[in-house]
Structure formats: C-alpha cells, structure tokens
Protein chains: 2
Amino acid sequence: MEKTDVLIIGGGAAGIFTGRTGKLNYPEKDFLIIRLEKQILIPCAIPYLFGTLGSVEKDVIPDSLLEKAGVRLKIDEVISIDKEKKVCKTANGDEIQFEKLVLATGSFPAVPKWLKGTNLENVFTVVKDKEKLSQMLQKLKDCEKIVIVGGGFIGVEVADDLSKLKKDITIVEILPHVLMLVFDEEVAEKAEEVLKSNGIKVKTGVGIKEILGKEKVEGVLLQNGEKVEADAVILAMGYKPNTRLAEEAGIELNEFGFIKVDEYMRTSAPDVYAVGDCAEKKNFLTGKPTKVMLASIACAEARIVGMNLYGLNTIKSFNGTIGIFSTKIGNTGFGAAGLSENAAKKEGIDVVTGSFKGVDRHPGCLPGAHEQFVKLIVCKDSGLIIGGEVIGGESTGELINLIGFAIQNRMTVRSILTSQIGTHPLLTSAPTVYPIIKAAEDALKKCR
Amino acid sequence: MEKTDVLIIGGGAAGIFTGRTGKLNYPEKDFLIIRLEKQILIPCAIPYLFGTLGSVEKDVIPDSLLEKAGVRLKIDEVISIDKEKKVCKTANGDEIQFEKLVLATGSFPAVPKWLKGTNLENVFTVVKDKEKLSQMLQKLKDCEKIVIVGGGFIGVEVADDLSKLKKDITIVEILPHVLMLVFDEEVAEKAEEVLKSNGIKVKTGVGIKEILGKEKVEGVLLQNGEKVEADAVILAMGYKPNTRLAEEAGIELNEFGFIKVDEYMRTSAPDVYAVGDCAEKKNFLTGKPTKVMLASIACAEARIVGMNLYGLNTIKSFNGTIGIFSTKIGNTGFGAAGLSENAAKKEGIDVVTGSFKGVDRHPGCLPGAHEQFVKLIVCKDSGLIIGGEVIGGESTGELINLIGFAIQNRMTVRSILTSQIGTHPLLTSAPTVYPIIKAAEDALKKCR
C-alpha cells in the first residue's frame, strides 16, 4: 500500500495551495495531490477564454509550481475514503494510506432537474475542464445568437467577454438585476448599463422555462412566454459543492450540502479537512452558512489548513467568510465586500450607508480617469463597517480589498475618518475626496 | 473689527479641507479662509502640468467647493497674529477677531544659500503659484536641455512628465539613487531604470556645485567637476515649512522649523492649530519629528482638526504619521508606506523583510498585465508590519494604501497570512500568489 503524510484530493486552487503552504510549513512531511484532470486551469480566468485569451492553453496552471514546492502529484480518481483506517481507494485500483486527508473536491455547475432541453447540442455549462471548454470554445465560434441563463458573476463575465467577438448575446436573470446576490440596486444597475452599452441584451426579473430545439438548441422559452432564438445556450445558474466522496465516507454535510468544517477547516472526521468550494463557509457577522464560492476564499482556507495541519499554530484574527468580489465589465470595475445593504437588512441589522461618487485621478481631466463610486454599509449602533461596494477603474480590485481589510480589522467610520491614506494624481482620487473616507463621512452624518 | 469663529490662514489642500470638514462638523460656526493667491492649484498634479495637462487652468481647484460648503473666502495676506487678543492683521489693513485659528501656511521650495546662480534667467523652482508656473511652462517650451537638481518625488515626476515633450533631461541627485529618502535600493533602482528607458539621464551620488551662466543659465557645475549644459535648470531640492507668521507670533517651532503640534494639531498657543506642510509630523514608530510633506497627510490632519476644533470628539486610533507615498514613472507605479528597510535599520529596529515578484493579472498573458513587486518590512520580534514598498501597474496607489491600512491596524505577518482578499483575472494577481500575502510568507520564514 502506498503511503503519504498528507493526501489532498483535488488539484484546483484549493488543493494546489494547501499542498504548497503545507509543504512550506511542514517540509519534513510528504504531500501528495491526487486529481482527475491531466491539466488544471486558472478557474477565475475561464470566462475570459472566449473573447480575450482565445485558447485554453493560455489558462493552464503549470504543474511545475507543485514540483518546485516538493509536492507530489498523481493523476487518478479517488473512489472511496475509509476515514477510520485512513485509506483511500482509487479508480486505478491503488490504495493510499494517509495521516491527514484534505478534501479539495471543488464544485460543478448546477443544472436544475426540471429544466427541459439541457442535453441538446450547443447547450453548455461553464465547467472547470480543459477538454470540455476547448470544445465549447470551438463550437461557440460558429454561433451567432447566444443566450446566457443566469446573471451572476460567471454569466455576466462570459457575456462581456463574448461581446468582444460581436456576437448577439442575451442574458436572462430571474432576479430584478444581474449580480444581485452581491450588489445593491445602484451598483447592479450600473453593471447592466455597461453590459447594454456593449450591445448585450439583458432580460431581468424573468426566469427560463424550457430550452427549445430538436437535436440542436434553437432557443429558450421564458417564464413570461417570450421565446428567444439561440444558436447556443450557456447555463450559468450557479455551482454545487462536489461532496459525493465525503458523504459516502460518512463525513457530515451542512444544510446546503457543503462539508461541515470549523474555523480551521476541520471536518467531523478526525484528521480530515475540507477546503474551497466543497467546504462550508460561514458569514462573518451572523455565523450562518453561506453559499459563496471564490478561488480567493479557497486560497485563504488552504493557507489556514497548510499552516495548521499538525496543531493550531496560526490562530486566525478574524472568523467567518467576508466574501470579497471583484469583476470588470467593459472598462468598468465592480467590487463588493461583506454584506450589501439588502443582505444586512434581510438579517435585521440596523444599518446606515454612506456613499460617494468621484473620479480615480486628480484632476479628473487626466488621461485614464474613470468614475469612482464607493458605498459603505455600517452598523448604526457601533459604527462598524460591515460591507462595501465599489465601481471604478483599474484600481477597483485593490480598493475593494482595502474595504475588506477595514472589515477584517473591525474598523469603524470614526477610525476610517482618522485614517491616513496616500494619493497620487495618476493613480488615485484627490486626498480631499478620497472615496472611502468621503463615504464614511456621509455614513457618520446618518449615524448621528 | 471683522469677526469669525474659525479663521484659517492658507487656502491649499490643508486649509480648504479644514474649512470643509470643520463646517460639516460645526455648521453653526462661521469659517473664514484667508489666502494670498487668487486661484489655487491641485498641488500634487503640478509636475503633470509640463507634459500631460499642458495648462495651469486644468489644475485649478474651484472655489465653488468652499461656497458649496458654506466656508467664506477672502483674498488677502495675514501679516501678524496676536495670539493673546486673538486678532490677525492683514496687508489690506483689516483686523479679524477669531475664536480658533488654523495655520495652513504650507511650504516653499528650499534653495540653498551657498548655491551660486539661482537668480539666472531660466532657473526655476516648482512653486505652488499659478502665475509663476504659467510663466515657467511657457519658457520651458523653448528649452531643449533641462537639468533637474534633486531626484526626490518632485524632481522625478517633473522629469518624467517633461520627457513626454522629448526634451533632453538630466536629473542630478546627491544620494546613491533617486527617491532614496523613501525607497530601498531595489525599488529606487527600478525607478531609475524606468527613467532611463524613457531617455532621461540620471546622475546619482553627485551634488551640484554651481549654476553657470551670465544672464541666462548655461549649465550646471557638479561637485565632481563635470559640467552639464542646460537651457533651463529646475531646482527640486525639497521644501521648507512656511512658519514666519507663527514664529513672529511666538508660537513654538520644532528643531526642523515646523510648527510644534500635538496629535490633534494643537500648537503651543491655546485655540491655535497648524495643519499641512507647516505643521510638525512625528514618525508613528519612534515619535521623532520627520520632514515628510504630502497633500494626503495634510488632508488627514485637516480632517482631525475639522472634527475636533471645539473639544476632542473623534479620538484617533493611530498616532504619528506613517507617510504613504505613490507615484507613477512611465507606465510603472511605485508606492511606499511606513519605514523602508534602510530607515528601520538606521533607527536600530531589528527587522526582517519579505518580498515577492509577480504579475497584476492572472494569467499574466492577459492584456494590461504589469509586473508587480511587494516588499514588507517587519519587526522580527513581534511580526508587526512597519513598512512596505510596491512596484506595479495602475493599482499601485490602492495596493500601497492596503499596506498603509495593515500598518495602521497593527497587523502582523500572521494576521496577513490569515487574511481574506478578493482577486479577479483582469484586476489583480492570482489568489495563490497575492503579493502582500506572499511577501508576508517570505518574511515569516525569516522571523523563525
């Protein structure tokens, strides 16, 4: 029987990063990753294969990262886990004994069972699989009319990227706006505006009823009776955690079907961990399970496991998952961290918000200037920052990280107002109108 | 005699922002700004007048900002302060009685007295004066060979911007590298590399001895005997606090000639405050006075005064000045926050550093990708982050602000390692190689 110290099932971002961080912290231990796929893709860049990268080859994560880190890799599929004997069986017939097991089995596209026509030709989901994506890429080249079902991040990003190929694209979203699980109305509306200005049709507040066609897809029928013609349909209706192995091994799942974990990603089984999309996330404020899946969260979790496999060495200073999102639609960046105003109100939290609209250069007539908007969501009682949303230019990703740091460091509107920041004409807003501080100022007025 | 509640002397960033924040917090009080200049410029954008903006008009801060805020403005010059009677006299012969006085008198270019030739035609300093800058702009158009004395931020930024006009530009810097007061060698060297790749000549480790010429400047003589021909010379040898008024009024200055203040910008005289370049700054770690001058710091100080004029309402959560700098040379951003490795070692602090070089997109082949480098300076004993330096693309300004927030929130390498961040292919590095976290990982190895 083969033996290893730490066996990691799954070679996506969570698996790779657990291996690398683990080996760094426990160099004397043997780390083995088992994965099914011959090659692995950078997951977040998959939407940009269609119009920007143009080839899956450009999105491959090189295995040399693992070799360099001294982490072993095996292409195989684990078919069962014996958590008492600490042994995994593989599809190739191997048995592997482990000291610690990390489940990094990821997620797969959710396709509702009631939806007819999902098996028609040219109906796609966005899978993290190089071969399937390669075929999809090839086939989409010949399609003119493309309907994307679901206006979450994947749907919106794929639509935006496909629009660069001048296709006729329609997004169908059942919620009142795209990206509404993360953003409040004013930001989601701006996202729709940018999509529309790039020629993308956006149908919101209406779900899909059926996918139409005989062998090949011909269109979709919406719940309101409208038919939309299509040469291709892309289903972007969310993802589900891949937990079959864990469930069969008797490891506890939560009410949403994620593998239950504590703050150090330890499952109900001793010496078994779960990280990434398959692992439970809890909201940082309420402690309730949430369904958020992000590679950046997977990496944060992988880091925690990698540092704490053999004893809790690195205690977290912040518990729960904030969820820090960023994306770019056309030339406009969008970011969100923590709770939106809507989400906070749904939880019954007494919040005020502050917002500010400015420009990310000073003076605003400088080349490359982009409109910038920041909204902060603040607990009225304590002044604690619990969420933020950003619209802006190229710096949006780091600006939302700044709000993320404010949340993680339990900053209040008052500590934001006494904060020091740096500014530069070609890189940021003016210091007099720095958007996070101006938004805090606006929120403070309402706290009073 | 005219009366006001809060009299602010100086209408630059510090003065404007004190007025605006003050009026917001004390709407019942009368705020009056007295300034000499008819129009005020955005100070940090002055270097970009030369090759990018092309006209001083584009850099004017509109006075409507004050009108809208309900802050009164008077164009006049205060010539004396009676701090006991609380009265200022002006050049126009007016007397103004105040309850609170805010000195926001700024700074002026430092020109060494020993330096010969500073009065020659076409020898300039970079003053915050619209008329003088307008003349300078006009005259520089006809100059081919330009020598810039001083390779600090102003010198480097003016050189970079003038290079867009294809002038023959030489920077002379007495220190071993440009920007060495803020950056460590590896970052300063990269800045020089970018300057040189844009055709700018950089002479370091050598000071100026004399400015040559009869009526008009003809060149400079360096300390090593070398002569450099010049049609124009720009002196960018630092700035001095403008404190004559304060000194004459008997308000205490510190050893560097800045107006002494406490953490709430209160001077030695009751009800008299100082903010911005004229006011003392203390290093956040050592408490020692430092000479840093930045509009962003002026604004942070103005905010503190504006919130606390009548009683300390908003207590600071972080004392001292960090100094968060960012700039862009060519297409490359540079940022620094807190102490450099050199500065920390000079203070006798036992530090380790961690660094990481990556790309600000993922995969790195995406359009717009820029190399990204982060260095963290860490107290070896406590793991506390006390400084950081960044090289990168458009997001550099906010990335260095993120490090600034880490310092202000007293984050350690371990709290960085357990932090959550957001990433996106088109906006940030990959989550697996997020540069601040990777640099923290590198630093932690050396702490052990």
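Rules used throughout
All chains use their own residue numbering, which begins from 1 and follows the written sequence. Naming scheme: in the order in which they are written, chains are lettered from A and ligands are numbered from 1. Where local features are concerned, this predicted model is filtered to residues with pLDDT of at least 70; where side-chain atom pairs are given and counted, the filter is 80 or more; whole-chain, interface and lining totals use all residues. Put simply, DSSP H or I for four residues or longer makes a helix, DSSP E for two residues or longer makes a strand, and each gets a number counted from the N terminus. Here the globule rule reads 2.2 Å times residues to the power 0.38, and the radius of gyration is calculated from C-alpha atoms. To sort residues by burial, count the other C-beta atoms lying within 10 Å of each one's C-beta; a count of 20 or more means buried, 12 or fewer means exposed, and anything in between means partly exposed. C-beta atoms are built from the backbone. By definition, residues are in contact whenever their C-beta atoms, placed on the basis of the backbone, come within 7 Å of each other. The classification used treats Ala, Val, Leu, Ile, Met, Phe, Trp, Tyr, Cys and Pro as nonpolar, Asp, Glu, Lys and Arg as charged, and all other residues, Gly among them, as polar. An automatic or database domain assignment is the source of the domain bounds shown. Two strands make a pair as long as DSSP finds a minimum of two bridges between them. Residues below a pLDDT of 70 in either copy are left out; the C-alpha atoms of the rest, at least 70 in both, set the least-squares superposition of the copies. Think of a nonpolar core as buried Ala, Val, Leu, Ile, Met, Phe, Trp, Tyr and Cys residues chained together by C-beta atoms that fall within 7 Å. As a rule, the C-alpha atoms of each element are fitted with a line to give its axis, helices using only the stretch in contact, and angles between N-to-C directions run from 0 to 180 degrees. Every crossover in which the path from the first strand over the helix to the second runs clockwise, viewed with the strands pointing away from the viewer, is termed right-handed. For a helix, the expected span equals 1.5 Å multiplied by the number of residues minus one. Throughout this description, any angle smaller than 35 degrees is read as roughly parallel, any larger than 145 degrees as roughly antiparallel, any in the 65 to 115 degree range as roughly perpendicular, and the remainder as oblique. What pLDDT reports is the predictor's confidence in each residue, on a scale of 0 through 100.

S.K.: Would you explain the overall build of chain A in this entry?
M.R.: Summing up its helical and strand segments, chain A has 11 helices and 28 strands in all. Compactness check: chain A gives a C-alpha radius of gyration of 23 Å against a globular reference of 22 Å for 448 residues, within 12% of the reference. Its C-alpha atoms put chain A at 65 × 60 × 40 Å along the principal axes. Across the 448 residues of chain A, 56% fall into the buried class. Contacts in chain A between residues at least 24 apart in sequence constitute 65% of all its contacts with a sequence separation of at least 6.

S.K.: Would you mind going over the interface of chain A and chain B with me for this structure?
M.R.: When the parts of a complex come together, some accessible area is lost, and that lost area is often used as the size of the interface. Each partner contributes to the interface: chain A provides 67 residues, whereas chain B provides 67 residues. For the side of chain A that touches chain B, the secondary structure elements donating two or more residues are helix 1 (13–25), helix 7 (295–308), strand 24 (324–329), strand 25 (332–338), helix 9 (396–408) and helix 10 (413–417) of chain A. For the side of chain A that touches chain B, the element with the highest residue contribution is helix 9 of chain A, accounting for 11 residues. Here the side of chain A that touches chain B is built from residues that sort into 33 nonpolar, 26 polar and eight charged.

S.K.: Before we go on, may I ask you to explain the domain arrangement of chain A in this structure?
M.R.: All names here are of chain A. Assigned domains within chain A: domain 1 (2–108 + 240–308), domain 2 (123–237) and domain 3 (331–447). Domain 2 and domain 3 are separated by 30 Å when their C-alpha centres are compared. Counting residues at the interface gives seven residues for domain 2, matched by nine residues for domain 3. Among the residues forming the side of domain 2 that touches domain 3, the class breakdown is five nonpolar, no polar and two charged.

S.K.: How should I be thinking about helix 4 (residues 153–162) of chain A in this particular structure?
M.R.: In an α-helix there are 3.6 residues to a turn, and that puts residues three or four apart on one side. Residues and elements named next belong to chain A. The buried count for helix 4 comes to 10 of 10 residues, which makes it a mostly enclosed element. For helix 4, the set of buried residues is Phe153, Ile154, Gly155, Val156, Glu157, Val158, Ala159, Asp160, Asp161 and Leu162. Close packing links the buried residues of helix 4 with strand 13 (145–149), strand 14 (168–173), helix 5 (185–197), strand 19 (232–235) and strand 24.

S.K.: What exactly am I supposed to notice about the sheet that holds strand 8 (residues 87–90) of chain A here?
M.R.: Sheet strands associate in pairs through backbone hydrogen bonding, adopting either a parallel or an antiparallel arrangement. Residues and elements named next belong to chain A. Taking strand neighbours across the sheet as the criterion, the four strands line up as 1-9-8-7 in an open arrangement whose pairing is mixed. The open sheet has two free edges, formed respectively by strand 1 (2–3) and strand 7 (78–82), since each of these has just one partner strand. Pairing of strand 8 with strand 9 (residues 95–97) involves three bridges; the strand directions are antiparallel. When the bridges of strand 9 are listed, Cys88 appears paired with Ile96.

S.K.: Even after reading the chapter, I still don't get the relation of the copies chain A and chain B, so can you show me in this structure?
M.R.: Both copies of the chain are placed relative to one another by a rotation about an axis and a shift along it. When chain A is fitted to chain B, the residual RMSD is 0.0 Å, and the transformation amounts to a turn of 180° plus an axial shift of 0.0 Å. Given the turn and translation reported, the copies of this chain are related as if by a two-fold rotation axis. Judged by C-alpha distance, Ser395 of chain A is the residue of chain A that lies nearest the rotation axis, at 2.2 Å. Residue by residue, 100% of the interface of chain A is reproduced at the interface of chain B, so both copies engage with the same surface.

S.K.: I keep staring at the nonpolar core and nothing clicks. Help me out?
M.R.: The nonpolar side chains of soluble globular proteins are, as a tendency, buried together. In terms of nonpolar packing, the biggest core is built from 293 residues, with Leu103, Val233 and Val275 of chain A together with Leu103, Val233 and Val275 of chain B touching the most fellow members. Residues within four places of Val275 of chain A in sequence aside, it is in contact with Ala14, Thr18, Val102, Ala104, Met265, Ala298, Glu301, Ala302 and Val305 of chain A.

S.K.: It is not clear to me how the sheet that holds strand 12 (residues 123–125) of chain B should be interpreted in this structure. Could you clarify?
M.R.: Residue and element names in this part refer to chain B. With parallel pairing, five strands are arranged side by side in an open sheet as 12-19-13-14-15. Looking at strand neighbours, the two that pair on one side only are strand 12 and strand 15 (201–204), the edges of this open sheet. Here the strands of the sheet are splayed against their neighbours by 20° on average, with no regard to which way each runs. The pairing of strand 13 (residues 145–149) with strand 19 (residues 232–235) spans four bridges and is parallel.

S.K.: What exactly am I supposed to notice about the pairing of strand 24 (residues 324–329) of chain B here?
M.R.: For a regular strand, the rule is simple: side chains alternate between the two faces of the sheet. Residues and elements named next belong to chain B. Counting buried positions over the six residues of strand 24 gives six, a clear majority of the element. Burial of the side chains of strand 24 extends over both faces: Ile324, Ser326 and Lys328 are buried on one face and Phe325, Thr327 and Ile329 on the other. Where strand 24 and strand 25 (residues 332–338) come together, six bridges link them in antiparallel fashion. Counterpart to Ile324 in the pairing with strand 25 is Ala337. Connecting strand 24 to the antiparallel partner strand 25 that follows it, the hairpin turn spans two residues, and Gly330 within it adopts a positive phi of roughly 55°.

S.K.: I would appreciate a short explanation of the pairing of strand 13 of chain B in the present structure.
M.R.: Residue and element names in this part refer to chain B. Here strand 13 lies mainly inside the structure; four of its five residues are buried. Here strand 13 pairs with strand 14 (residues 168–173) via five bridges, running parallel. Within strand 14, the position partnered with Val147 by the bridge is Thr170. With helix 4 (residues 153–162) bridging strand 13 and the parallel strand 14, this β-α-β connection has right-handed handedness.

S.K.: Teacher, can you tell me more about the environment of Thr204 of chain A here?
M.R.: All names here are of chain A. Structurally, Thr204 is set in strand 15 (residues 201–204). Note on Thr204: 17 C-beta atoms within 10 Å, which makes it partly exposed. Separated by 27 residues in sequence, Thr204 and His177 place their C-alpha atoms 5.7 Å apart. Excluding its chain neighbours within four sequence positions, the residues that come into contact with Thr204 are Gly151, Glu173, Leu175, Pro176, His177 and Val178.

S.K.: Just checking my understanding: could you explain helix 9 (residues 396–408) of chain B for this structure?
M.R.: Residue and element names in this part refer to chain B. Over its 13 residues, helix 9 extends 18 Å from the first C-alpha to the last, a length consistent with the 18 Å expected when each residue adds 1.5 Å. For helix 9, a buried count of 13 out of 13 residues is recorded, marking the element as mostly surrounded by other parts of the structure. Phi for Arg410, located one or two positions after helix 9, is positive at around 50°.

S.K.: Looking at this structure, how should I read the packing of helix 9 of chain A against helix 9 of chain B?
M.R.: The relative placement of two packed helices comes down to the angle between their axes together with the axis-to-axis distance. Between helix 9 of chain A and helix 9 of chain B, the least distance of the axes is 8 Å, while the angle of their chain directions is 10°. Relative to helix 9 of chain B, helix 9 of chain A is oriented roughly parallel. From helix 9 of chain A, Glu398, Leu399, Asn401, Leu402, Phe405 and Ala406 of chain A reach across to helix 9 of chain B, where they touch Glu398, Leu399, Asn401, Leu402, Phe405 and Ala406 of chain B. Of the residues assigned to the contact of helix 9 of chain A with helix 9 of chain B, the class counts are eight nonpolar, two polar and two charged.

S.K.: Which parts of the structure should I look at to understand the confidence of the model for chain A?
M.R.: Do not read the predicted coordinates in detail wherever pLDDT is low. Looking at chain A as a whole, its pLDDT mean stands at 97, while 100% of the residues score no less than 70. At the level of chain-chain contacts, confidence expressed as ipTM amounts to 0.95, with global pTM at 0.96.

S.K.: Mind showing me how you'd approach the environment of Val127 of chain B here?
M.R.: All names here are of chain B. Examined against the element boundaries, Val127 turns out to sit in the loop between strand 12 and helix 3 (130–140). Val127 gets classed as partly exposed once you count the C-beta atoms within 10 Å, which come to 15. Along the backbone, Val127 and Ala188 are 61 residues apart, and their C-alpha atoms lie at a distance of 25 Å. Excluding residues that lie within four positions of it along the chain, Val127 makes contacts with Phe108, Pro109, Lys132 and Leu133.

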